[in-house]
Amino acid sequence: MSTTVDTEGITVLSLPLDDPRVRPLLDELAVEYETRYADLFGAGNAAAELNRYPAEEFAAPDGAVLIIQENGVSVAGGAFRRYSPDTAEFKRIWTHSQHRRRGLARRVMTELEAKAVELGYRRVYLTTGPRQPEARGLYLNTGYEAHFDVDAAPESLPFLAFSKDLPLPSHG
(Lines give C-alpha, C1' and ligand atoms only; values in the text may rest on other atoms or scores of the structure.)
Protein backbone atom coordinates (compact mmCIF):
# COMPACT_ATOMS: atom_id res chain seq x y z
CA MET A 1 0.00 0.00 0.00
CA SER A 2 1.26 3.49 -0.78
CA THR A 3 0.01 6.63 0.90
CA THR A 4 0.35 10.34 0.28
CA VAL A 5 -1.14 13.04 2.51
CA ASP A 6 -1.59 16.71 1.67
CA THR A 7 -2.12 19.73 3.87
CA GLU A 8 -5.91 19.66 3.64
CA GLY A 9 -6.40 16.32 5.41
CA ILE A 10 -6.67 14.51 2.07
CA THR A 11 -4.96 11.11 1.87
CA VAL A 12 -4.52 9.08 -1.32
CA LEU A 13 -4.34 5.34 -0.67
CA SER A 14 -3.45 2.55 -3.08
CA LEU A 15 -5.40 -0.46 -1.79
CA PRO A 16 -6.54 -3.94 -2.80
CA LEU A 17 -10.13 -4.05 -4.04
CA ASP A 18 -11.23 -6.11 -1.03
CA ASP A 19 -9.94 -3.58 1.52
CA PRO A 20 -12.80 -2.32 3.74
CA ARG A 21 -11.89 1.30 2.89
CA VAL A 22 -12.91 0.57 -0.74
CA ARG A 23 -16.37 -0.71 0.31
CA PRO A 24 -18.05 2.75 0.45
CA LEU A 25 -17.07 3.30 -3.20
CA LEU A 26 -18.58 0.00 -4.34
CA ASP A 27 -21.69 0.31 -2.16
CA GLU A 28 -22.58 3.78 -3.39
CA LEU A 29 -21.74 2.89 -6.99
CA ALA A 30 -24.21 0.00 -6.79
CA VAL A 31 -26.93 2.38 -5.58
CA GLU A 32 -26.04 4.92 -8.26
CA TYR A 33 -26.11 2.34 -11.05
CA GLU A 34 -29.43 0.89 -9.83
CA THR A 35 -30.98 4.37 -9.57
CA ARG A 36 -29.88 5.43 -13.04
CA TYR A 37 -30.11 2.17 -15.01
CA ALA A 38 -32.50 -0.35 -13.39
CA ASP A 39 -35.26 0.47 -15.89
CA LEU A 40 -32.78 0.08 -18.77
CA PHE A 41 -30.81 -3.03 -17.75
CA GLY A 42 -33.08 -4.60 -15.14
CA ALA A 43 -33.10 -4.46 -11.36
CA GLY A 44 -30.10 -6.10 -9.73
CA ASN A 45 -27.77 -5.69 -12.71
CA ALA A 46 -25.66 -3.08 -10.89
CA ALA A 47 -24.14 -5.75 -8.65
CA ALA A 48 -23.43 -7.94 -11.68
CA GLU A 49 -21.65 -5.04 -13.40
CA LEU A 50 -19.57 -4.28 -10.31
CA ASN A 51 -18.55 -7.94 -10.03
CA ARG A 52 -17.93 -8.49 -13.74
CA TYR A 53 -14.15 -8.34 -13.39
CA PRO A 54 -12.14 -10.39 -10.89
CA ALA A 55 -10.50 -8.34 -8.11
CA GLU A 56 -7.03 -9.51 -9.17
CA GLU A 57 -7.38 -7.60 -12.46
CA PHE A 58 -7.21 -4.39 -10.40
CA ALA A 59 -4.07 -5.47 -8.53
CA ALA A 60 -0.42 -4.71 -9.32
CA PRO A 61 1.41 -5.10 -11.59
CA ASP A 62 -1.40 -4.52 -14.12
CA GLY A 63 -3.88 -2.46 -12.13
CA ALA A 64 -4.55 -0.32 -9.10
CA VAL A 65 -7.34 0.87 -6.82
CA LEU A 66 -6.94 4.37 -5.42
CA ILE A 67 -9.08 5.83 -2.65
CA ILE A 68 -9.09 9.44 -1.52
CA GLN A 69 -9.84 9.83 2.15
CA GLU A 70 -10.59 13.03 3.99
CA ASN A 71 -9.91 12.81 7.72
CA GLY A 72 -10.07 9.00 7.50
CA VAL A 73 -13.33 8.80 5.50
CA SER A 74 -13.35 7.42 1.92
CA VAL A 75 -14.75 10.25 -0.21
CA ALA A 76 -13.64 9.40 -3.77
CA GLY A 77 -11.77 6.80 -5.74
CA GLY A 78 -11.25 4.83 -8.88
CA ALA A 79 -9.46 1.83 -10.32
CA PHE A 80 -7.86 0.53 -13.46
CA ARG A 81 -6.99 -2.75 -15.09
CA ARG A 82 -4.98 -3.75 -18.15
CA TYR A 83 -6.95 -3.19 -21.36
CA SER A 84 -4.10 -3.89 -23.81
CA PRO A 85 -0.30 -4.01 -23.48
CA ASP A 86 0.05 -0.20 -23.36
CA THR A 87 -3.49 0.83 -22.35
CA ALA A 88 -5.09 0.98 -18.90
CA GLU A 89 -8.88 0.81 -18.60
CA PHE A 90 -10.19 3.13 -15.90
CA LYS A 91 -13.19 1.81 -14.00
CA ARG A 92 -15.24 2.69 -10.93
CA ILE A 93 -14.49 6.43 -10.90
CA TRP A 94 -16.55 7.68 -7.98
CA THR A 95 -17.08 10.61 -5.62
CA HIS A 96 -19.34 10.19 -2.60
CA SER A 97 -22.61 12.05 -3.14
CA GLN A 98 -21.98 14.26 -0.07
CA HIS A 99 -18.57 15.36 -1.38
CA ARG A 100 -19.26 16.25 -5.01
CA ARG A 101 -18.49 19.60 -6.68
CA ARG A 102 -15.16 19.91 -4.83
CA GLY A 103 -12.74 18.78 -7.56
CA LEU A 104 -12.25 15.33 -6.05
CA ALA A 105 -13.08 13.50 -9.30
CA ARG A 106 -10.41 15.51 -11.12
CA ARG A 107 -7.98 14.58 -8.34
CA VAL A 108 -8.91 10.91 -8.77
CA MET A 109 -8.27 11.15 -12.51
CA THR A 110 -4.89 12.85 -11.96
CA GLU A 111 -3.84 10.23 -9.41
CA LEU A 112 -5.01 7.31 -11.60
CA GLU A 113 -3.19 8.73 -14.63
CA ALA A 114 0.03 9.16 -12.63
CA LYS A 115 -0.21 5.59 -11.31
CA ALA A 116 -0.88 4.26 -14.83
CA VAL A 117 2.22 6.08 -16.14
CA GLU A 118 4.21 4.65 -13.22
CA LEU A 119 3.12 1.13 -14.26
CA GLY A 120 4.20 1.78 -17.86
CA TYR A 121 0.91 2.55 -19.56
CA ARG A 122 0.88 5.08 -22.41
CA ARG A 123 -2.88 5.38 -22.92
CA VAL A 124 -6.16 5.24 -21.03
CA TYR A 125 -9.46 3.84 -22.25
CA LEU A 126 -12.71 4.20 -20.33
CA THR A 127 -16.45 4.05 -20.78
CA THR A 128 -19.39 5.51 -18.93
CA GLY A 129 -23.10 5.07 -19.21
CA PRO A 130 -25.37 7.37 -21.20
CA ARG A 131 -27.11 8.54 -18.02
CA GLN A 132 -24.00 9.91 -16.35
CA PRO A 133 -23.63 13.45 -17.73
CA GLU A 134 -21.31 14.39 -14.85
CA ALA A 135 -18.83 11.69 -15.91
CA ARG A 136 -19.14 12.68 -19.57
CA GLY A 137 -18.35 16.28 -18.67
CA LEU A 138 -15.43 15.29 -16.43
CA TYR A 139 -13.78 13.22 -19.15
CA LEU A 140 -14.29 15.82 -21.87
CA ASN A 141 -12.96 18.56 -19.57
CA THR A 142 -9.84 16.60 -18.60
CA GLY A 143 -8.54 15.98 -22.10
CA TYR A 144 -10.22 12.71 -23.02
CA GLU A 145 -11.17 12.12 -26.65
CA ALA A 146 -14.77 11.02 -27.23
CA HIS A 147 -15.23 7.91 -29.39
CA PHE A 148 -18.86 8.74 -30.10
CA ASP A 149 -20.85 11.56 -31.65
CA VAL A 150 -20.89 14.17 -28.86
CA ASP A 151 -23.95 15.75 -30.48
CA ALA A 152 -25.97 12.52 -30.38
CA ALA A 153 -28.61 12.11 -27.69
CA PRO A 154 -26.81 10.15 -24.94
CA GLU A 155 -29.77 7.77 -24.59
CA SER A 156 -29.27 6.74 -28.22
CA LEU A 157 -25.86 5.28 -27.33
CA PRO A 158 -25.31 2.09 -25.31
CA PHE A 159 -22.21 3.57 -23.65
CA LEU A 160 -19.81 6.48 -24.06
CA ALA A 161 -16.18 5.55 -24.76
CA PHE A 162 -13.17 7.83 -24.27
CA SER A 163 -9.40 7.60 -24.54
CA LYS A 164 -6.40 9.74 -23.71
CA ASP A 165 -2.69 9.50 -24.41
CA LEU A 166 -0.63 9.69 -21.24
CA PRO A 167 2.55 11.72 -20.92
CA LEU A 168 5.84 9.89 -21.04
CA PRO A 169 7.32 9.45 -17.57
CA SER A 170 9.81 12.09 -16.57
CA HIS A 171 13.28 10.91 -15.65
CA GLY A 172 14.67 13.61 -13.51
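Placed above this text is the structure.
Draft legend 1. Representation of the pairing of strand 3 (residues 64-70) within the structure. In terms of burial, strand 3 is a largely internal element, 7 of the 7 residues being buried. Of the two faces of strand 3, the one carrying A64, L66, I68 and E70 and the one carrying V65, I67 and Q69 are both buried. Examined bridge by bridge, strand 2 (residues 10-14) and strand 3 share 5 bridges and lie antiparallel to one another. Residue pairing in the sheet places T11 in a bridge with Q69 of strand 3. The pairing of strand 3 with strand 4 (residues 73-84) spans 7 bridges and is classified as antiparallel. In the sheet register, A64 faces strand 4, and the bridge partner there is F80. Between strand 3 and strand 4, which pair antiparallel in sequence order, lie 2 residues; one of them, N71, sits at a positive phi of approximately 50 degrees.

Draft legend 2. Spatial organisation of the pairing of strand 2. Counting buried residues along strand 2, 5 of its 5 residues qualify, which places the element largely inside the surrounding structure. Side-chain alternation along strand 2 places I10, V12 and S14 on one buried face and T11 and L13 on a second face that is also buried.

Draft legend 3. Up close: the packing of aromatic side chains. Here the structure, examined in full by the defined rule, presents 7 aromatic pairs. Ring centres 6.4 Å apart and planes at 85 degrees place the aromatic pair Y53 and F58 in the edge-to-face group. Given a relative accessible area of 16%, Y53 falls into the buried group. Judged by its relative accessible area of 5%, F58 falls in the buried class. Of the aromatic side chains, those joined through ring pairs into one cluster are Y139, Y144, F148 and F162.

Draft legend 4. Expanded view of the nonpolar core. F90 and Y139 are the most contacted members of the largest nonpolar core, which has 29 residues in total. Beyond its immediate stretch of four places on either side in the chain, Y139 contacts I93, M109, L126, T128, Y144 and F162.

Draft legend 5. How the structure looks around the environment of S14. Following the sequence through the fold, S14 ends up in strand 2. Among the residues examined, S14 registers a relative accessible area of 14% and is labelled buried. Along the chain, S14 and G77 lie 63 residues apart, while their C-alpha atoms are 9.7 Å from each other.

Draft legend 6. Up close: helix 3 (residues 104-118). Over its 15 residues, helix 3 runs 21 Å from end to end, which matches the ideal 21 Å to within 8%, given 1.5 Å per residue. Buried within helix 3 are the following residues: L104, V108, M109, L112, E113, K115, A116 and V117. Phi turns positive, to about 95 degrees, at G120, one or two residues after helix 3.

Draft legend 7. Representation of the pattern of salt bridges within the structure. For the structure shown, the criterion picks out 13 salt bridges. The closest approach of N and O atoms between E70 and R102, which form a salt bridge, is 2.7 Å. Placement of the pair is E70 in strand 3 and R102 in the loop between strand 5 (87-95) and helix 3, with a sequence separation of 32 residues. Accessibility expressed as a relative area gives 17% for E70, which makes it buried. Note that R107 and E111 form a salt bridge whose closest N and O atoms lie 3.0 Å from each other. Here R107 and its partner E111 are both found in helix 3, 4 residues apart, which amounts to about one turn of the helix. Here the salt bridges do not stand alone but share partners, grouping E57, R81, E89 and K91 into one network.

About the thresholds
Residues numbered from 1 in each chain as written. Predicted model: local features only at pLDDT ≥ 70, side-chain atom pairs only at ≥ 80, totals over all residues. Heavy atoms only, no water. Buried < 20%, exposed > 50% of the residue type's maximum accessible area, 1.4 Å probe, protein only. Helix = DSSP H or I, 4+ residues; strand = E, 2+ residues; numbered from the N terminus. Pairing = 2+ DSSP bridges. Phe/Tyr/Trp six-rings, centres within 6.5 Å; stacked < 30°, edge-to-face > 60°. Core = buried A, V, L, I, M, F, W, Y, C linked by side-chain atoms within 4.5 Å. Contact = heavy atoms within 4.5 Å. Expected span 1.5 Å × (residues − 1). Salt bridge = Lys/Arg side-chain N within 4 Å of Asp/Glu carboxyl O.

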